[in-house]
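Secondary and tertiary structure notes
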Amino acid sequence: MSRWTTNDIPPQRGRSVVVTGTGGLGFQDALALARAGAEVIIAGRNPSKGAAAVAAIRKEVSNADVRFEAVDLASLSSIAAFGERLRTDRTSLDLLINNAAVMTPPRRKVTADGFELQFGTNYLGHFALTAQLLPLLRKGTQPRVVNVSSVAARNGRINFEDLQSSAGYRPLPVYSDSKLASLMFALELQRRSDAAGWGLTSTAAHPGISRTDLVPNGAGRFSIFGLVRMLLWFLFQPAAQGALPTLFAATSPQARAGAYYGPDKLNETRGYPTVAKIPQQALDVEAARQLWDVSAKLTGASFPTMPRELSRAS
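Keep in mind that what you see is a predicted model, and the values were worked out from it rather than measured.

**Observations regarding the nonpolar core**
- Of all hydrophobic cores here, the largest spans 49 residues; its most connected members are V18, L133 and F303.
- Elements with a minimum of two residues in this core: β2 (39-44), α3 (76-89), α4 (117-137), α5 (171-196) and α10 (285-299).
- With eleven residues, α4 is the single largest residue contributor to this core.
- For L133, the residues in contact, after removing those within four places along its chain, are V18, F82, G83, L86, L93 and L96.
- Ranked by size, the runner-up nonpolar core spans 37 residues in total, among them I9, V17, L33 and F68.

**Some remarks on the packing of aromatic side chains**
- A full pass over the atoms with the stated rule returns twelve aromatic pairs.
- Both rings, one in F119 and one in Y123, keep their centres 5.3 Å apart while their planes meet at 55 degrees; by these two values the pair is tilted. Of this pair, F119 and Y123 are both found in helix α4, four residues apart, which corresponds to roughly one turn of the helix.
- Exposure remark for Y123: the relative accessible area of 2% places this residue in the buried category.
- What links up through ring pairs into an aromatic cluster is the set F119, Y123, F127, F185, W198, W292 and F303.

**What to know about the sheet that holds strand β3 (residues 65-70)**
- One open sheet holds the eight strands; their spatial order is β3-β2-β1-β4-β5-β6-β9-β10, and the pairing between them is mixed. Looking at which strands have only one partner, the edges of the open sheet turn out to be β3 and β10 (270-275). Here the strands of the sheet are splayed against their neighbours by 25 degrees on average, with no regard to which way each runs.
- With two bridges joining them, strand β6 (residues 201-205) and strand β9 (residues 260-265) adopt parallel strand pairing. In the sheet register, A205 faces β9, and the bridge partner there is Y261.
- Of the strands in this sheet, β2 and β3 touch helix α2 (residues 47-60), which is tilted by about 175 degrees from β3.
- The strands touched by α3 are β1 (16-20), β2 and β3; relative to β3, the strand with the most contacts, the crossing angle is about 140 degrees.

**Some thoughts on the pattern of salt bridges**
- For the structure shown, the criterion picks out ten salt bridges.
- Among the salt bridges present, the one from E39 reaches R90, with a minimum N-O distance of 2.9 Å. In this pair, E39 is assigned in strand β2 and R90 in the loop between α3 and β4 (95-98), connecting sequence segments 51 residues apart.
- We note a salt bridge from E268 to R154, for which the minimum N-O separation is 3.6 Å. Of the two residues, E268 is situated in the loop between β9 and β10 and R154 in the loop between β5 (144-148) and α5; the sequence distance between them amounts to 114 residues.
- For E268, a relative accessible area of 14% corresponds to the buried category.

**Some thoughts on the pairing of β2**
- Burial of β2 is extensive: five of the six residues sit out of reach of the surface.
- Two strands pair when backbone bridges link them, and β1 and β2 are joined in this way by five bridges, in the parallel orientation. Bridge pairing links V17 to V40 in β2.
- After leaving β1, the chain enters helix α1 (residues 24-35) and then returns to the sheet as β2, a path that is right-handed.
- Note that β2 and β3 share six bridges and pair parallel.

**Things to note about the packing of α1 against α2**
- Contact geometry for α1 and α2: axes closest at 10 Å, N-to-C directions at 35 degrees. For the element pair α1 and α2, the recorded crossing hand is right-handed. Packed against α1, whose contacting residues are F27, A30, L31, A34 and R35, the element α2 presents A53, A56, I57 and E60 at the interface.

**As for the confidence of the model for the protein chain**
- For the protein chain, the mean per-residue pLDDT works out to 91, and 89% of the residues sit at or above 70.
- Least confident of the elements in the protein chain is helix α7 (residues 224-231), whose mean pLDDT is 43; most confident is β4, at 99.
- Scored below 50 in pLDDT, residues 308-314 shows nine contacts in the model against residues more than four places distant or in partner chains.

**Comments concerning unusual backbone geometry**
- Unlike most non-glycine residues, S165 shows phi in positive territory, near 50 degrees.
- Structurally, S165 is set in the loop between β5 and α5.
- Overall, S165 belongs to the buried group, its relative accessible area being 7%.
- Positive phi, close to 50 degrees, is recorded for L266, a residue that is not glycine.
- Relative to the assigned elements, L266 resides in the loop between β9 and β10.

**A look at the pairing of β6**
- For β6, a buried count of four out of five residues is recorded, marking the element as mostly surrounded by other parts of the structure.
- A crossover links β5 with its parallel partner β6, the connecting element being α5, and its sense is right-handed.

**Topic: the environment of P135**
- You can see P135 is positioned in helix α4.
- Judged by its relative accessible area of 41%, P135 falls in the partly exposed class.
- The sequence separation of P135 and G83 amounts to 52 residues, and the corresponding C-alpha distance is 9.8 Å.

Procedures and definitions
- Residues numbered from 1 in each chain as written.
- Predicted model: local features only at pLDDT ≥ 70, side-chain atom pairs only at ≥ 80, totals over all residues.
- Heavy atoms only, no water.
- Core = buried A, V, L, I, M, F, W, Y, C linked by side-chain atoms within 4.5 Å.
- Buried < 20%, exposed > 50% of the residue type's maximum accessible area, 1.4 Å probe, protein only.
- Helix = DSSP H or I, 4+ residues; strand = E, 2+ residues; numbered from the N terminus.
- Contact = heavy atoms within 4.5 Å.
- Phe/Tyr/Trp six-rings, centres within 6.5 Å; stacked < 30°, edge-to-face > 60°.
- Pairing = 2+ DSSP bridges.
- Axes fitted to C-alpha atoms, helices over the stretch in contact; angles between N-to-C directions.
- Salt bridge = Lys/Arg side-chain N within 4 Å of Asp/Glu carboxyl O.
- Right-handed = clockwise from strand over helix to strand, strands pointing away.
- Left-handed = near helix turned anticlockwise from the far one by under 90°.
- pLDDT = per-residue confidence, 0-100.

Structure follows, in structure tokens:
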């Protein structure tokens with residue numbers, strides 16, 4: 001795994017991919033996978049940004065098989081419509097990268113369904129999307145799901161008494177909570193796949209500290225977070241570098257089911273892909289089961305039911 005780069009991505013021709021997010025890490029994921037020969041669907045809520053991403057990839061990769069599909073992860077109806085379109089248009093899917101995110105809006109906002117925006121978009125939206133695409137993934141070839149978490153997940157906690165941060169909203173802790181939930185989802189998805197025979201490889205990855213528009217778009221360019229990102233830009237590694245752990249998890253034969261990957265240097269803030277340390281709170285299996293059940297009720301997401309005895313044993 002030493003100094004693994006996009007040059008180490010195995011040929012992806014014949015594999016189909018959905019990547020959420022039109023810029024930053026999502027764009028770099030899509031570009032690398034298109035360059036490796038995959039059929040890439042970039043999924044996002046902004047058609048103009050999606051068109052720009054597709055055009056930029058085609059400029060770099062003349063024969064790229066890439067297109068944009070609209071989906072708003074802050075809207076369950078949009079996610080359902082996207083899932084229905086894909087299930088109608090195709091028979092299988094090989095890879096899903098749950099990447100798109102909202103980071104630290106200064107005031108509490110909610111999704112179309114009333115969920116706190118960060119938890120609702122970063123976690124619940126991807127939970128619902130995975131359920132929508134699971135029938136296609138189960139028909140894919142060596143299907144994988146990668147959930148993108150964050151170093152911020154180390155400080156996250158799952159407060160089942162106030163999942164929507166109604167009692168007190170603090171931007172960064174809420175972001176951390178959403179990314180912890182995404183990591184716990186990845187681990188629980190693998191456990192449930194193993195128990196019920198879904199045939200998935202579920203992994204998680206994080207980009208360290210990378211230069212993307214996530215902070216300026218969320219907290220605002222002139223917020224404390226935005227100013228740190230702008231003035232201390234040299235502390236942030238390029239987005240292409242930050243995308244490497246996700247791409248490793250998505251493509252490498254060495255990537256292990258149920259594992260977590262991140263950069264290898266400076267406390268996992270920069271460098272090349274390596275096995276990341278899973279925060280202790282993400283290893284709470286009972287909390288992960290509870291989070292799954294609550295999330296299914298909140299979103300109406302339907303996953304294949306595990307036999308009761310398998311559920312107990314997983």
